[in-house]
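Given next are the chains, with one letter for each unit.
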Amino acid sequence: MKTNCLILLLFILLPTYVLADNRFQELYANIHQFISQQKAEVGVAIIVDGKDTVTVENNRHYPLMSVFKLHQALAVGDYCTKHHISFDTLLTVNKADLLPNTYSPLRDQHPHGGKFSLKQLMEYTLHLSDNNACDILFKLTGGPAETDRYIRSLGVNDFSIQYTEDDMHRDLNRSYENWSTPLATAEVIEALLTRTLFDKPHQEFIKEALVTCQTGTNRIVRPLQEKNVTVGHKTGTGDYNASGQLMAINDAGFVQLPNGHRYTLVVFVKDSQESMEHTEAIIAQISDMVYQAFTKPR
């Protein structure tokens, strides 16, 4: 009986990976060694072809920052399907909706507001990480609590979405309350890619919006720019906390290889004492390690 308990304990403590071949063990070891040298908390999740999984430092709560706009987009898709609303439906955006002290290309380009389709607002949130557009969509769909509820309905649990962008702007510490493990966010991406969640045109639009994302090109995308791959991703960028650390620099996405294989990669960096450039380079280096692991000859 004691032997069985010991085996169970070891299973719980071991990193998560399916031993398809030595690549997974080697990749885990290489990433673990690399992140141990960084002045930051780094968490990584990789899912290969929807089944083989590697996680490193997955047992922490990492601030999502704008990565949660992906979660929100799925909740918008569900809301529109249930209410028989097209993504082409127009919303009136008033000047009062365009808060001045936050990142918002929507406000900068349309300072007096106007009428915008749901599709346009999601392009602002997914392509450009617009904070005002995000909170306008929250008002439509019932706020962060409804996004949290919908993602949990997909069977994803190791996360929490409690606050809007404006809430976090008013109190930076609230950013730590919108959190996820890397694996939970990878599961959200896998749901988008492999499950029928709502109307197909809506779902395909969100997938394509990740592929055409314009932020964070120095992260997951950087080592893949000259490769024959398709990359879709959503970034998140935090401010500096009271200790002078970067609260969060994140990237979460998927990589489609030309041989038909695919992997989902999530890298969250929390409380980084490194510069912005170095912190983004951490994500880029891990992205390159993963790509090399699954494209080099066995």
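Treat the numbers as computed from the prediction; the structure is a model and nothing was measured.

So, how was this worked out
- Residues numbered from 1 in each chain as written.
- Predicted model: local features only at pLDDT ≥ 70, side-chain atom pairs only at ≥ 80, totals over all residues.
- Heavy atoms only, no water.
- Axes fitted to C-alpha atoms, helices over the stretch in contact; angles between N-to-C directions.
- Helix = DSSP H or I, 4+ residues; strand = E, 2+ residues; numbered from the N terminus.
- Left-handed = near helix turned anticlockwise from the far one by under 90°.
- Contact = heavy atoms within 4.5 Å.
- Nonpolar A, V, L, I, M, F, W, Y, C, P; charged D, E, K, R; others polar.
- Buried < 20%, exposed > 50% of the residue type's maximum accessible area, 1.4 Å probe, protein only.
- Phe/Tyr/Trp six-rings, centres within 6.5 Å; stacked < 30°, edge-to-face > 60°.
- Pairing = 2+ DSSP bridges.

Asker: Before we move on, could you go through the packing of helix H5 (residues 118-128) against helix H10 (residues 200-211) and cite the residues and values that matter?
Answerer: Here H5 crosses H10 at 35°, and the two axes come no closer than 9 Å. Taken as a pair, H5 and H10 cross one another with a handedness that is right-handed. Packed against H5, whose contacting residues are Lys119, Met122, Glu123, Leu126 and His127, the element H10 presents Phe205, Ile206, Ala209 and Leu210 at the interface. Residue composition of the contact of H5 with H10, by class: six nonpolar, one polar and two charged.

Asker: Describe the environment of Gln25, with residues and values.
Answerer: Structurally, Gln25 can be placed in helix H2 (residues 22-36). Assessed through its relative accessible area of 35%, Gln25 is described here as partly exposed. Spatially, the C-alpha atom of Gln25 lies 34 Å from that of Glu204, the residues being 179 residues apart in sequence.

Asker: Would you mind going over the packing of aromatic side chains in detail, with residue names and values included?
Answerer: Under the criterion given, the structure shown has five aromatic pairs. Ring geometry for Phe24 versus Phe294: centroids 5.6 Å apart, planes at 55°, classification tilted. Separated by 270 residues along the polypeptide, Phe24 in helix H2 and Phe294 in helix H11 (residues 276-295) bring together distant segments of the chain. Comparing Phe24 with Phe294 shows no difference in burial state: the two are buried. Ring geometry for Tyr62 versus Phe268: centroids 6.0 Å apart, planes at 45°, classification tilted. In this pair, Tyr62 sits in strand S3 (residues 62-63) while Phe268 sits in strand S10 (residues 262-272), placing the two residues 206 residues apart along the sequence. Assigned by exposure class, Tyr62 and Phe268 land together as buried.

Asker: Tell me about the sheet that holds strand S8 (residues 230-237), and name the residues and values.
Answerer: The strand order S2-S1-S10-S9-S8 describes an open sheet built from five strands, whose pairing is antiparallel. Only two strands of the sheet have a single neighbouring strand rather than two, namely strand S2 (52-56) and S8. Averaged over all neighbouring strand pairs, the angle between strand axes comes to 5°, with direction disregarded. Pairing between strand S1 (residues 41-48) and S2: five bridges, direction antiparallel. Bridged to Ile46 within S2 is Val54. Across the face of the sheet, H2 comes into contact with S1 and S2 while running at roughly 20° to S2.

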